[in-house]
Amino acid sequence: MASSIAPAAATKLLTPESIRAAAKQSEGIHLVPLSLRRAIKKFLREKEKSHMNRKVLSLSQSFNRIKEANLQLSASVSRELVEDPFRPIEHGGARWKIRSAYGDIGLKYKEDETVAYVASRMPAVYSACHRVLKEVRRRLPDFSPASVLDFGAGPGSAIWAMREVWPKALERVNLVEPSKDMQRAAQSLLRDLKGLPIIHSYDNIQALSHNLDKCERKHDLVISSYALGEIPSLSDRITIIRQLWDLTRDVLVLLEPGTPHGSRIIRQMRSYILWMAKRTCRKTKKSNEVPSNEKSIVVDAGASRNNAFVVAPCSHDGRCPLENSGKYCHFVQRIERTSSQRTYKRSKGEPLRGFEDEKFCFVALRRGNRPEEAWPLDGMEFETLKERLAKRKPEDLIIDYEDQIEFKTDEDFLDDEEATIPYASDVSEITLFNEDDEDDNVDNEEQGRADLGGGWGRIIYTPVRRGKRIALDVCRSTKRDASEGAFQRIMITKRECPDLHLQARRSLWGDLWPF
């Protein structure tokens, strides 16, 4: 089985092992950092704990009301806006003035709601942010943000994730959060940390733009996590996205809950930013058309800066293939519940299990043109199972049973005894973390990294095993320039290609798939 060879593939040949390492983007059960666990415990100790379970339940009911309101969104706005969200841009500059405040849908984060959010939701939102930002770091090894804008910051979940992903890069962080109680909660949770960047909080984007100089308004990284879904009007949502993109120097990251409505928001905002970037590039080229070759280079450089492409999860910049299909793109991150979550999040009076699955959807966009990269399988040749079996030597068929048996040493038995510490104790939370884990993760990322070309598809549902065949639902690019994409189900069999079959067996929901 051999794939077609592209011209650029001669300088980049990968091995099946390096491809498997590069494709791995999913993460096992995520452990909330001990520093954040302690900060949440300390924050809750300083607050009134009476009726905490009732406050958490009330917050959950508020989220359900938001979902119901979002389902009726098409009835509250004009049909034209729902069917074509880009149409209002033609109405002039007055269109971009925000007519409603962020969070004005009936969910006001006052003190009770803020305390309940920190106790029940903050660890899950942190884990989703960490998962997404970690992939951005892997896909963009040259990206190290010094200035960050966090829109809808809440209690600072994204800041904690950014500190874990880029511990030494952050210099300045601006938070946009309309709730004063959320702002105070973020300050309280970050109080005991050392080496923090300069952090400023603002009530809205207008206040941020008014207080910053023009040269400081651009940020290396702009992130909005679980905030756009709380904006009821689609027109206001588009307004805010345009403002956030104008404040982005390099990378914009959007996260929403892994629901059909959250996926629709991400899909609409993704399409709008790509459309707006292409529109700006066309205007730049048209207004700067000159016969001089020297000036045309400058024009192309300016147009490149105004362009945009998707870093993740999509491998293409075309229309979403799941649009109008009844399916939606989302991912899942399993986290170990903190002690506060296990205490206050109950189901029918019974303690919850020790982990939960946080479903989310996201998009990460970067300014510039998508790099032209060779596809991973270009120039690679794979053996069929029949060819591999024909190459076996007689001595390879001899089984050394001693090598199949693992003998435990005294140190291994000691490790087993230490692993029996009770789960609910604070000591177990300390032993779950190792200071060297971060260095090991960095080394693994350097061994294999997926480039930004269109040759990496995304597994967007759980792989299905049918006997010896494995079915993968993949969103992939159909053109070399990644201008168009498609949703396909591919079947992998061991008979045709044992190497890809092994990779399919080890692939999980959210991993990449090479083409």
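See the structure printed just above.
Residues numbered from 1 in each chain as written. Predicted model: local features only at pLDDT ≥ 70, side-chain atom pairs only at ≥ 80, totals over all residues. Heavy atoms only, no water.

Overview of the environment of Glu 381
- Structurally, the position occupied by Glu 381 is in the loop between β10 (355-367) and α15 (385-390).
- Distance from Glu 381 to Thr 15, taken between C-alpha atoms, is 10.0 Å for residues 366 residues apart in sequence. (Helix = DSSP H or I, 4+ residues; strand = E, 2+ residues; numbered from the N terminus.)

So, the pattern of salt bridges
- Counted by the stated rule, this structure contains 19 salt bridges.
- In this structure, the salt-bridge partner of Lys 42 is Asp 192, at a minimum N-O distance of 2.8 Å. Placement of the pair is Lys 42 in helix α2 (residues 34-45) and Asp 192 in the loop between α9 (180-189) and β3 (198-202), with a sequence separation of 150 residues.
- According to the relative accessible area criterion, Lys 42 is partly exposed, its value standing at 29%.
- Across the pair Arg 489 and Asp 473 runs a salt bridge, and its minimum N-O distance is 2.8 Å. In this pair, Arg 489 sits in strand β14 (residues 485-493) while Asp 473 sits in strand β13 (residues 469-477), placing the two residues 16 residues apart along the sequence.
- When salt bridges that share partners are traced, they join Glu 135, Arg 139 and Arg 458 into one network. (Salt bridge = Lys/Arg side-chain N within 4 Å of Asp/Glu carboxyl O. Buried < 20%, exposed > 50% of the residue type's maximum accessible area, 1.4 Å probe, protein only.)

Brief notes about the environment of Ala 153
- Among the secondary structure elements, Ala 153 is positioned in the loop between β1 (147-151) and α8 (157-165).
- Overall, Ala 153 belongs to the buried group, its relative accessible area being 5%.
- Remark: the alpha-carbon pair of Ala 153 and Ala 186, spanning 33 residues in sequence, is separated by 8.5 Å.

Observations concerning the nonpolar core
- Among the nonpolar cores identified, the biggest contains 60 residues, and Leu 133, Trp 160, Met 162, Trp 166, Leu 221, Val 253 and Leu 255 are the most heavily contacted of them.
- Sequence-distant contacts of Trp 166, that is, excluding residues within four places in its chain, are made with Leu 133, Val 136, Arg 137, Phe 143, Ser 144, Pro 145 and Leu 221.
- Counting residues in hydrophobic clusters, the runner-up holds 34 residues, among them Ile 205, Ala 227, Trp 245 and Val 310. (Core = buried A, V, L, I, M, F, W, Y, C linked by side-chain atoms within 4.5 Å. Contact = heavy atoms within 4.5 Å.)

Looking at the environment of Arg 449
- Relative to the helices and strands, Arg 449 is located in the loop between α19 (437-447) and β11 (456-459).
- The exposure class of Arg 449 is partly exposed, given its relative accessible area of 37%.
- Arg 449 has contacts with Ala 22, Arg 138, Arg 139 and Pro 141, leaving out every residue within four places of it along the chain.
- Among the polar contacts listed, one links the side chain of Arg 449 to the backbone oxygen of Arg 139, at a separation of 3.2 Å. (Polar contact = N/O pair within 3.5 Å; in protein donor to acceptor, adjacent residues only side chain to side chain.)

Digging into the packing of helix α7 (residues 122-139) against α8
- With their axes 8 Å apart at the nearest point, α7 and α8 run at an angle of 40° to one another. Relative to α8, the element α7 is oriented oblique. The handedness of the crossing between α7 and α8 comes out as right-handed. The residues of α8 that touch α7, namely those facing Met 122, Val 125, Tyr 126, Cys 129, His 130, Leu 133, Lys 134 and Arg 137, are Ser 157, Ala 158, Trp 160, Ala 161, Met 162, Glu 164 and Val 165.
- For the contact of α7 with α8, a count of residues per class yields 10 nonpolar, two polar and three charged. (Axes fitted to C-alpha atoms, helices over the stretch in contact; angles between N-to-C directions. Parallel < 35°, antiparallel > 145°, perpendicular 65-115°, else oblique. Left-handed = near helix turned anticlockwise from the far one by under 90°. Nonpolar A, V, L, I, M, F, W, Y, C, P; charged D, E, K, R; others polar.)

As for a positive patch on the surface
- On the surface, Arg 465, Lys 468, Lys 494, Arg 495, Arg 505 and Arg 506 cluster together to form a positively charged patch.
- Its relative accessible area of 54% is what places Arg 465 among the exposed residues. (Patch = residues over 30% accessible without salt bridge, like charges linked within 9 Å, V, L, I, M, F, W, Y side chains within 5 Å. Areas by Shrake-Rupley, 256 points an atom, 1.4 Å probe, with all protein chains shown as cover. Lys, Arg positive; Asp, Glu negative; His and termini not counted. Charge placed at Lys NZ, Arg CZ, Asp CG, Glu CD.)

A closer look at the packing of aromatic side chains
- In the structure shown here, the tally under the stated rule is six aromatic pairs.
- Considering the side-chain rings of Phe 331 and Phe 362, the 5.7 Å spacing of their centres and the 55° angle between planes classify their relative orientation as tilted. With a gap of 31 residues between them, Phe 331 in strand β7 (residues 331-336) and Phe 362 in strand β10 connect regions that are remote in the sequence. The same class applies to Phe 331 as to Phe 362, namely buried. (Phe/Tyr/Trp six-rings, centres within 6.5 Å; stacked < 30°, edge-to-face > 60°.)

Details of the pairing of strand β6 (residues 308-312)
- Most of β6 sits out of view: five of its five residues are buried.
- Sheet topology places β6 next to β10; four bridges connect them, and they run antiparallel. Paired with Val 310 across the strands is Leu 365, a residue of β10. (Pairing = 2+ DSSP bridges.)

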